[in-house]
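In case you want the letters, here they are:
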Amino acid sequence: MTALLRYYGALLLRSQRWLPPVLFYVGLVAISLDGQSGLGSQLGWNAAVLVPALAWLTRSLLAAEPPAARACLAAATGTRRPQYAALVIPLAVGLLLVTLAAAGPCWSAGCPRICPWCSAMVWPPDWSAR
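Not measured: the values here are computed from a predicted model.

For the protein chain, the helix and strand inventory stands at 6 helices and 0 strands. A buried classification covers 31% of the 130 residues belonging to the protein chain. Relative to all contacts within the protein chain whose residues are 6 or more apart in sequence, the contacts with residues 24 or more apart total 78%. Working note: accessible area of the protein chain is about 8,300 Å², and carbon and sulfur atoms make up 70% of it.

Take the layout of surface pockets next. Of the pockets and cavities examined, the largest pocket occupies roughly 170 Å³. Together, Tyr8, Leu61, Leu62, Glu65, Arg70, Ala74, Gly78, Thr79, Pro82, Gln83 and Ala86 line the largest pocket. Looking at the lining of the largest pocket, the elements that each hand over two or more residues are α3 (39-64), α4 (67-77) and α5 (81-108). Per-element tally for the lining of the largest pocket: the top contributor is α5, with 3 residues.

This part covers the nonpolar core. As a rule of thumb, soluble globular proteins bury nonpolar side chains together. Tyr8, Tyr25 and Leu61 are the most contacted members of the largest nonpolar core, which totals 20 residues. Put simply, the parts of the chain that give this core at least two residues each are α1 (2-15), α2 (19-32), α3 and α5. Counting residues per element, this core draws most heavily on α3, which supplies 7 residues. If we ignore the near neighbours within four places in the chain, the residues touching Tyr8 are Leu61, Glu65, Leu73, Pro82, Ala85, Ala86 and Ile89.

Moving on, we come to the packing of aromatic side chains. Under the counting rule described, the total for this entry stands at 2 aromatic pairs. Here the aromatic rings of Tyr7 and Tyr8 are separated by 5.1 Å at their centres, their planes lie at 70°, and the arrangement is edge-to-face. Residue class for Tyr7 comes out partly exposed when judged on its relative accessible area of 26%.

What follows is about the pattern of salt bridges. Counted according to the given criterion, the structure contains 1 salt bridge. Residue Glu65 is joined to Arg70 by a salt bridge in which the shortest nitrogen-to-oxygen separation is 3.8 Å. Classification of Glu65 by relative accessible area gives buried; the value is 5%. Exposure remark for Arg70: the relative accessible area of 37% places this residue in the partly exposed category.

Relative to the helices and strands, Thr58 resides in helix α3. Polar contacts involving the side chain of Thr58 include one to the main-chain carbonyl oxygen of Leu54, which spans 2.8 Å. Not counting the four nearest positions on each side in its chain, Thr58 is found in contact with Leu87 and Pro90.

Right, let's talk about unusual backbone geometry for a bit. Even without a glycine there, the phi angle at Gln16 is positive, about 60°. Relative to the elements of secondary structure, Gln16 occurs in the loop between α1 and α2.

Moving on, we get to the packing of α1 against α4. Between α1 and α4, the least distance of the axes is 13 Å, while the angle of their chain directions is 170°. One way to sum up the angle between α1 and α4 is to call them roughly antiparallel. On α4, the residues that touch Leu4, Tyr7 and Tyr8 of α1 are Ala69, Leu73 and Thr77. Tallied by class, the residues present in the contact of α1 with α4 amount to 5 nonpolar, 1 polar and no charged.

Quick notes on the rules
Residue numbers run consecutively from 1 along every chain, following the written order of its sequence. Whole-chain, interface and lining totals are the exception, using all residues; otherwise, since this is a predicted model, local features are given only for residues with pLDDT of at least 70 and side-chain atom pairs are given and counted only at 80 or more. Side-chain descriptors were evaluated using all non-hydrogen atoms of the structure, hydrogens and water having been removed beforehand. Helix and strand labels come from DSSP, where a helix needs a run of H or I of at least four residues and a strand needs a run of E of at least two; each type is numbered from the N terminus. The classification of residues rests on relative accessible area computed with a 1.4 Å probe and restricted to protein chains. Under 20% of the type maximum is buried, over 50% is exposed, and intermediate values are partly exposed. We call two residues in contact when some of their heavy atoms are within 4.5 Å. Values of accessible area rely on a 1.4 Å probe in the Shrake-Rupley scheme; residue burial ignores everything except the protein chains shown. Any residue with an atom within 4 Å of a point lines the site, the site being either a cavity, points on a 1 Å grid over the protein atoms alone where a 1.4 Å probe fits but cannot get out, or a pocket, an open set with protein on both sides within 12 Å along at least 5 of 7 lines. Grid points are joined across faces, edges and corners, and a volume is the space filled by probe spheres set on the points. For this analysis, a nonpolar core means a set of buried residues of the types Ala, Val, Leu, Ile, Met, Phe, Trp, Tyr and Cys, connected via side-chain atoms within 4.5 Å. Two rings from Phe, Tyr or Trp (for Trp, the six-membered ring) form a pair when their centres sit within 6.5 Å of each other. Planes less than 30 degrees apart are called stacked, planes more than 60 degrees apart edge-to-face, and all others tilted. A side-chain nitrogen of Lys or Arg and a carboxyl oxygen of Asp or Glu constitute a salt bridge if their distance falls within 4 Å. We call two N or O atoms a polar contact when they sit within 3.5 Å, provided that within protein one can donate a hydrogen and the other can accept it, with sequence-adjacent residues counted only if both atoms are side-chain atoms. To get an axis, a line is fitted to the C-alpha atoms, and for a helix only the part in contact is used. The angle between two axes follows their N-to-C directions and goes from 0 to 180 degrees. When an angle is under 35 degrees it counts as roughly parallel; over 145 it counts as roughly antiparallel; between 65 and 115 it counts as roughly perpendicular; any other value is oblique. The residue classification treats Ala, Val, Leu, Ile, Met, Phe, Trp, Tyr, Cys and Pro as nonpolar and Asp, Glu, Lys and Arg as charged. All others, Gly included, are polar.

Below, the structure is given as structure tokens:
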């Protein structure tokens, strides 16, 4: 399974089909960082934008592989394992995008004062505030 994940990751990176969905997502997330809306609305907007961006990324990855290569993978590893590997890569990219996008509104809202998730990551901890 590791070889399949590396194969699909390299296929996505080399084909550069990841670029339009990621730029679409980053552009719309940048629009939402206006500094006036609350943290909850910004995170909700980020989640709403993530769904079409990841659907586009998943479709791009599934369409990037030539039919002959898909047939060779199906013959070598079975029919389901390449499909699972092709779905894990966009999931990992989505988790990375969510983590980075959640940090933006958090830090613009005055983190770590506001967000308890980010205040747990501040090191060294400020013991005088507790």
